[in-house]
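Breakdown of the fold
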Amino acid sequence: MSRSSFAIVSMLLLATLASAGQAYAQTPLNPLTDDQVIERLSAVHRDPSLRATMRVRASRPAGLDARVRQARELFDQGRRFDDPRLVDRAFTLMSEPDMREHPIAARVRASIHAWRHEFDTARTLLERLLRDAPEADTVWFALAGIERVTGRLEPARRACERAHALRDDPVYALCMADINSLQGRDRAARRWLALAGDDVALDDDAAGWRLLTRARIAQSLGDEALASRLYRRSLLVNDPMVLTHFAHWSLDAGQNELAARAIRRLGPGDDAMLGDDLAVSLAIALDRTGRSEEAASMTRRLETRFATADQAGWPIHWRARARLALSLQRQADAALAHARRNWQAQREAIDARLLAHAALAAGGPGGRDALADLRAFVTDTGFNDRTLKDLLASGEAS
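First, a word on what this report is: a plain description of the structure on this page. (Residues numbered from 1 in each chain as written. Predicted model: local features only at pLDDT ≥ 70, side-chain atom pairs only at ≥ 80, totals over all residues. Heavy atoms only, no water.)

With that settled, consider the overall build of the protein chain. Helix and strand counts for the protein chain come out as 21 helices and zero strands. Of all intrachain contacts in the protein chain linking residues separated by at least 6 positions in sequence, the fraction that spans at least 24 positions is 60%. (Helix = DSSP H or I, 4+ residues; strand = E, 2+ residues; numbered from the N terminus. Contact = heavy atoms within 4.5 Å.)

What follows concerns the state of the cysteines. Under the counting rule described, the total for this entry stands at one disulfide. A sulfur-sulfur separation of 1.7 Å characterises the disulfide bridge that pairs cysteine 160 with cysteine 175. Of this pair, cysteine 160 sits in helix H8 (residues 153–166) while cysteine 175 is found in helix H9 (residues 170–182), placing the two residues 15 residues apart along the sequence. Residues cysteine 160 and cysteine 175 agree in their burial class; the two are buried. (Disulfide = S-S within 2.5 Å. Buried < 20%, exposed > 50% of the residue type's maximum accessible area, 1.4 Å probe, protein only.)

This next bit is on the layout of surface pockets. Roughly 1,200 Å³ of internal volume is contained in the largest pocket. Taken together, 44 residues line the largest pocket, and the ones lying closest to its centre are His248, Asp252, Ala349, Ile350 and Arg353. Class assignment for the residues of the lining of the largest pocket results in 21 nonpolar, eleven polar and twelve charged. (1 Å grid on protein atoms, 1.4 Å probe; cavity = no way out; pocket = protein on both sides within 12 Å on 5 of 7 lines; lining within 4 Å. Points joined across faces, edges and corners; volume = space filled by probe spheres on them. Nonpolar A, V, L, I, M, F, W, Y, C, P; charged D, E, K, R; others polar.)

Unlike most non-glycine residues, histidine 117 shows phi in positive territory, near 70 degrees. Tracing the backbone through its elements, the reader meets histidine 117 in the loop between helix H5 (103–115) and helix H6 (119–132). Of note, arginine 330 is a non-glycine position whose phi angle comes to about 55 degrees, a positive value. What makes arginine 330 exposed here is its relative accessible area of 57%.

Moving on, we come to the packing of aromatic side chains. Per the counting criterion, the structure on display carries six aromatic pairs. With a centroid separation of 5.5 Å and 55 degrees between ring planes, the pair formed by phenylalanine 246 and tryptophan 249 is classed as tilted. One end of the pair is phenylalanine 246 and the other is tryptophan 249, both in helix H13 (residues 240–252) and three residues apart, which spans about a single turn. Both residues of the pair, phenylalanine 246 and tryptophan 249, count as buried. Here phenylalanine 377 and phenylalanine 383 contribute two aromatic rings whose centre-to-centre distance is 5.3 Å and whose plane-to-plane angle is 45 degrees, an arrangement assigned as tilted. In this structure phenylalanine 377 comes out as buried when scored by relative accessible area, which is 6%. Phenylalanine 383 sits in the buried class, given a relative accessible area of 4%. The side chain of arginine 116 reaches across the aromatic face of phenylalanine 91, ending 4.7 Å from its centre. (Phe/Tyr/Trp six-rings, centres within 6.5 Å; stacked < 30°, edge-to-face > 60°. Lys NZ or Arg CZ within 6 Å of the ring centre and 35° of its normal.)

Structure follows, in structure tokens:
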């Protein structure tokens, strides 16, 4: 396996954390005959490359490297199409006894655990790899992604620094710019951003992450015009993770019609087949643009989806549940409970803002405790986000 292949797996790990673990949308049916289909697949499953993947998912190719390649393909397709069956097949392949010591297998397993929001397990796997190969810059970079998404900013900084010290790569410089920006170190963020360069190619699996990271940094530095251009350019990357973040940005910016148009133009073509977070974003956009009946219909479908996911034991996207409860169901206490559960797993700016909004809406002892937890997090990590600061300040004033 080439060095570039190692890097792609690690970058995928970093790029997929914000949208990890969305439950696959299924519509239960009651079979009337022995040959009746009992689940309806997303329209995106008509994609020829995915059909080919699904045809071979039950096969077991000969040879270690062939199985590694198949598992990586299965995971990538499962990630892109929010299909846990493909991801589970990849995990099964990567967990076979003769795969245990294969370094790429361990990285794929770490990616899968991160997709499931099992960040502690992913971290342990990466740290074990680094004990055996401390010069593996791509593993340090992947570890930085785990630390960042769980709010451990200083460990994330050290991991980025180690990766950059091992190899002077623009991606690692961008990683350093990102962490410095998150900690409010604007001068250092600008310096590292300059080292990362201006060009963002769109021909690899990390392009979406690079564009979104640059857009977020531009926002934190107060350059809204640049942030807007970068968010819009990110849509050139065909990836649900990119569309998910674009939808969040456009809704936060009050561009609700833009959010709805982007989701329906670039999504799978069937609203019922959107991933959890995108479906909630579309419902919010519809509600805000006066299409209340459509929004209510989507909300009912999402409620059924989440109830079905509970019963089936599928991965739950707590961020999406909190947003649905807060913005559309008007259930502040439920939103706070979901947001706190989400906060236990992932601690990015979007998660902190969501928890603050839910806490302010719920009020009472629970809301005050959540705001106190957020203030402690900001103090302990140096976390810097303008919107979050405003929300916390409004909580102190109330």
